[in-house]
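Coordinate analysis (summary)
If you want the building blocks of each chain, they are given just below.
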Amino acid sequence: MYIELYEKRWMVLTGVALAVMFLAIVGSVFGAGIQVPGVYGQVNPARLPNTPPFDQPGVRQLGPGRYEATVIAHIWAYSPNEIRVPAGATVTFNLTSRDVIHGFRIEGTNVNTMVIPGQIARVTHTFKKPGTYLFLCHEYCGVGHQNMFGRVIVE
Ligand code: CUA
């Protein structure tokens, strides 16, 4: 089979471009610590008060420097809307929504996920520096959307 030189070059170039893009995706997921929001489980939004861990929203310590924060998003607030942890804490957020689709983004971090009713979103971040980290809803969820925020206070 005869292939034109230009055609051959384009084929090689396309292959290289594909490989670079593939490596960029793999590298950003495993190298740069970017977390792909995934479905970690399903939960009935109508039964959150009877479904652990969503029956007790809040922060609990899992071990030295390790915490779990269970947060329910609903129109138009987070429960709880204030999370306190010591500096250096690694916090895994378990999130779900009681009603419509919300978002969860913590400023100054790479924590950014959708919060979908019926699904559990899980994101982890280590808060090295003390300070107040605002988190907010970035999915339009109705007339109170702009008031939907909370804080992670790192002491
Ligand atoms: Cu919740 Cu916008």
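Sequence order as written defines residue numbering, which begins from 1 separately in each chain. In keeping with the predicted nature of the model, local features appear solely for residues at pLDDT of at least 70, side-chain atom pairs appear and are counted solely at 80 or more, and the whole-chain, interface and lining totals rest on all residues.

For clarity, the cut-off: UniProt positions are given in the numbering used here, feature names are shortened, and annotations may be inferred rather than shown by experiment.
Under the annotation held in an unreviewed UniProt entry, the chain carries the name Cytochrome aa3 subunit 2 and is attributed to Carboxydichorda subterranea. Looking at the chain in UniProt, the text filed under Function (unreviewed entry) is "Subunits I and II form the functional core of the enzyme complex. Electrons originating in cytochrome c are transferred via heme a and Cu(A) to the binuclear center formed by heme a3 and Cu(B)." Looking at the Subcellular location (unreviewed entry) heading of the UniProt record, one finds this comment for the chain: "Cell envelope".

**Observations concerning the sheet that holds strand 9 (residues 131-136)**
Note the threshold: When DSSP finds two or more bridges between a pair of strands, those strands are recorded as paired. In this description a helix means any DSSP run of H or I spanning at least four residues, a strand means any run of E spanning at least two, and both kinds are numbered starting from the N terminus. All axes are obtained by fitting lines to C-alpha atoms, using only the stretch in contact for helices, and the reported angles, taken between N-to-C directions, cover 0 to 180 degrees.
Ordered in space as 4-10-9-6-7, the 5 strands form an open sheet in which the pairing is mixed. Bordering the open sheet on either side are strand 4 (82-85) and strand 7 (112-115), each of which pairs with just one other strand. Strand-to-strand, the axes of this sheet are offset by a mean angle of 20°, without reference to chain direction. Examined bridge by bridge, strand 6 (residues 102-106) and strand 7 share 4 bridges and lie antiparallel to one another. Bridge pairing in strand 7 links His-102 to Val-115.

**Some details on the pairing of strand 1 (residues 58-63)**
Here is the rule: Using C-beta atoms placed from the backbone, we call a residue buried if 20 or more other C-beta atoms fall within 10 Å of its own, exposed if 12 or fewer do, and partly exposed for counts in between.
Burial of strand 1 is sparse: only 0 of the 6 residues sit out of reach of the surface. When strand 1 meets strand 2 (residues 66-74), the two strands line up antiparallel, connected through 5 bridges. Looking at the pairing, Val-59 lines up with Ala-69 of strand 2. If you look at the hairpin formed by strand 1 and strand 2, you'll find 2 residues sitting between the two strands, and Gly-65 has a positive phi there, around 75°.

**With respect to the nonpolar core**
Selection rule: What we call a nonpolar core is a set of buried Ala, Val, Leu, Ile, Met, Phe, Trp, Tyr and Cys residues whose membership is set by joining through C-beta atoms within 7 Å. Whether two residues are in contact depends on their C-beta atoms, placed from the backbone: they are in contact if these lie within 7 Å.
Of all hydrophobic cores here, the largest spans 25 residues; its most connected members are Ala-69, Val-71, Ala-73, Val-91, Phe-93, Leu-95 and Val-115. Of all the elements, strand 2 adds the most residues to this core, at 5 residues. Non-local contacts of Phe-93, meaning those with residues more than four positions away in its chain, are made with Ala-69, Val-71, Arg-122 and Val-123.

**Notes on the pairing of strand 2**
When strand 2 meets strand 5 (residues 89-97), the two strands line up parallel, connected through 8 bridges. Paired with Ile-72 across the bridge in strand 5 is Thr-96. Summarising the sheet, strand 2 and strand 3 (residues 77-79) pair through 3 bridges and their orientation is antiparallel. Looking at the pairing, Ile-72 lines up with Ser-79 of strand 3. What sits between strand 2 and strand 3 in their antiparallel hairpin is a turn of 2 residues.

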